[in-house]
Amino acid sequence: MSGSRLVTTDERRARLGLRQALAVRAGSVEEAVESVVALHGTDPATVFLSAGARTGTPGPEPVEKALYEDRTLVRMTGMRRTIFVVPRELAPVIHHSSALAIAVRERKRLTQHFMDGGGFDERWISRVEGEVLAALREHGELTATRLGEVVPDLRTQIVYAPGTAHEVKQGVSTRLLFVMAAEGLIVRQGRPSGSWISGQHRWAPAPEMPVLTAGEAQAELVRRWLAAYGPGTEADLKWWTGWNLGEVRRALRAVKAVTVELEESAPGYVLPSDVEPAAPAEPWAALLPALDPTPMGWQQRDWYLPQAHRAELFDRSGNVGPTVWWNGAVVGGWGQRADGEVVWRLLEDVGADAVAAVEREAARLTAWLDGVTVTPASAPRWNVHSASDPQPRGGSRGGSRGGWGRASPTAAARRPPPGGDDLRDDRHGGLHLQGAVGPRRAVAHPAGSPYRDDLGCPPHE
C-alpha cells in the first residue's frame, strides 16, 4: 500500500522518544522491553542498563525479578545470531522467525567442524546432546562448567580450522550448547553465578512453545518492529532481522505496510494504523549503554547519528558504545570513573538546557549503578584522561564540545567495597567505559592515536 506523506526527521525523532520509553518512561521492566521489541543480551550489563534507562525504578532488582523470579523475560538466540532478552510471549515469534533458520546453518557448521577437528560424527554429537538433556532434567539448572562435570564429553577439545593460520584448540561445549539453544532444546535460565553483570548463566530444558510457520512469525516480528521503530526502510529491516530481502518484503506485504517518504533515505514503511503525524515529544535526554536497541535499531542512521560522529561511537564491527541522547539524536558518549561516577562528553554544542538535562541523567545513572563499574570490550576513540590529566576536561556546566562532564558531586556513587575484583581497579589511569562484550578496559591513549576495537559480538556466553 502506498502513501504520499513525508515523515520528517523531527517527527522520526519524536516517535523514537515516545515509543521507545525515553521521552516518557515505561511503567515496568516488561513494558520497557516491549517498547523496543527486544534487548541486546550478549553483554548482561546492557540488559539492565537499557531497561533502567526506560523505567523510573532504581537499581537492577526489578530486572532481576523479571528475569529470574517472574520469568516474564526470556534470554534466547535471535536475529543476526545474537542473544536477546525478549518478553516471554514473543519467544515463539523470535524462535520461528529467526532462530530456527540460524540453527539449521549452525548445525551443519558444527557437524563439519567436529568431524574435521576431532573425528566426532553425528552419532557422537547426538549422544552428548542426549546426556545434556538428561543431566538438566535430573539436576535442574546448571552452568556450563557444572554441565561439563556431569557430562564429561562436553570438556572434549577439538581443533578448529586445522592446518590454517586460524587453527585453534577449543572445547566443544560452547558451540554445542549454542546450537541446542537455537534449536529450542535448552534455554539460559536462572540467576548467573556472581552479580547482575555476570555472564555465567545457567542452562535448563526449554519449555514447549506454540508452533508458528516462518511466515506467520516473520509477519508478527515485522509488525512489532514497525510499531516501535517505524518508519524504517527495507534495508533497516533486512539488517535488523538478518533475513534476506525476499523475506522482508513478504512480511511487509503480510502486515499491509504503508509507504511514506523520508528526508534522509529511501522510502520507509509504517503500519496502516500509524500513518497520521505523531505528536511532538517534550524535551528529553538519555544515557544509553553500549549495544542499546535504539542506536542499533536501524541500518541507515544519519537521521539520528551524524556521519561525522560514527567513528567516535562505533567500533569497526558495527557495535555502538555508550551514547548520550538529546531529543532523539545522539550528541555524545559516556563512561565511568573507577569509583562508579558517570562522566560524559558532548560531540556537538547543544545548548544549556540540554547540558542540564544530560547532567541530571548522569546523576541518575550514577545513583542507579550504586558504585558498580561496568567494564567494556570496546570504547569510543576519545583520548580519555590519563595520569597526567587526572580530571575531566571541561565540566558539566556550559556543555562545550569535547569536554568531559560530570554528575553532580552530591549524586556521585559510593566507592566499591575494598577488595573488589580487578574490574574496579584503576591501575591504568583510564575510564571505565560501558561497552559491548565482556571485560576490557578503555585506557588512555596518546592524542592522535585513536583507540579501536574489533572484537565483534559473540553469539553466546
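Note: the structure precedes this text.
The model shown is predicted, which means the values in this text are computed figures rather than measured ones.

1. Side note on the overall build of the protein chain
Stage number 1. Helix and strand counts for the protein chain stand at 13 helices and 16 strands.
Stage number 2. The buried share of the protein chain, reckoned over its 461 residues, is 54%.
Stage number 3. Counting only carbon and sulfur atoms, one obtains 51% of the accessible surface of the protein chain, whose full area is about 19300 Å².

2. Some remarks on the packing of aromatic side chains
Stage number 1. For the structure shown, the criterion picks out 12 aromatic pairs.
Stage number 2. For the pair Tyr 229 and Trp 240, a centre-to-centre distance of 6.1 Å together with 45° between the ring planes defines the contact as tilted. A residue pair is termed long-range when its members are at least 10 positions apart, and Tyr 229 in helix α9 (residues 214–229) and Trp 240 in helix α10 (residues 234–241) qualify at 11 residues.
Stage number 3. A relative accessible area of 2% places Tyr 229 in the buried class.
Stage number 4. Between Tyr 229 and Trp 298 the ring centres are 5.1 Å apart and the planes differ by 75°, which places this aromatic pair in the edge-to-face class. Taken together, the residues Tyr 229 in helix α9 and Trp 298 in the loop between β12 (285–288) and α12 (307–313) connect sequence positions 69 residues apart. For the pair Tyr 229 and Trp 298, a shared accessibility class is recorded, and that class is buried.
Stage number 5. Taken together through their ring pairs, the aromatic side chains of Trp 225, Tyr 229, Trp 240, Trp 298, Trp 303, Tyr 304 and Trp 325 make up a single cluster.
Stage number 6. Positioned over the ring face of Trp 239 is Arg 80, at 4.4 Å from the centre of the ring.
Stage number 7. Here the guanidinium or amino end of Arg 175 rests over the ring plane of Tyr 160, the centre of that ring lying 4.0 Å away.

3. Observations regarding the side chain of Thr 82
Stage number 1. Here Thr 82 shows up in the loop between β3 (73–77) and β4 (83–87).
Stage number 2. Residues within four places of Thr 82 in sequence aside, it is in contact with His 40, Thr 42, Met 76 and Thr 77.

The rules behind each value
Residues numbered from 1 in each chain as written. Predicted model: local features only at pLDDT ≥ 70, side-chain atom pairs only at ≥ 80, totals over all residues. Heavy atoms only, no water. Helix = DSSP H or I, 4+ residues; strand = E, 2+ residues; numbered from the N terminus. Buried < 20%, exposed > 50% of the residue type's maximum accessible area, 1.4 Å probe, protein only. Areas by Shrake-Rupley, 256 points an atom, 1.4 Å probe, with all protein chains shown as cover. Phe/Tyr/Trp six-rings, centres within 6.5 Å; stacked < 30°, edge-to-face > 60°. Lys NZ or Arg CZ within 6 Å of the ring centre and 35° of its normal. Contact = heavy atoms within 4.5 Å.

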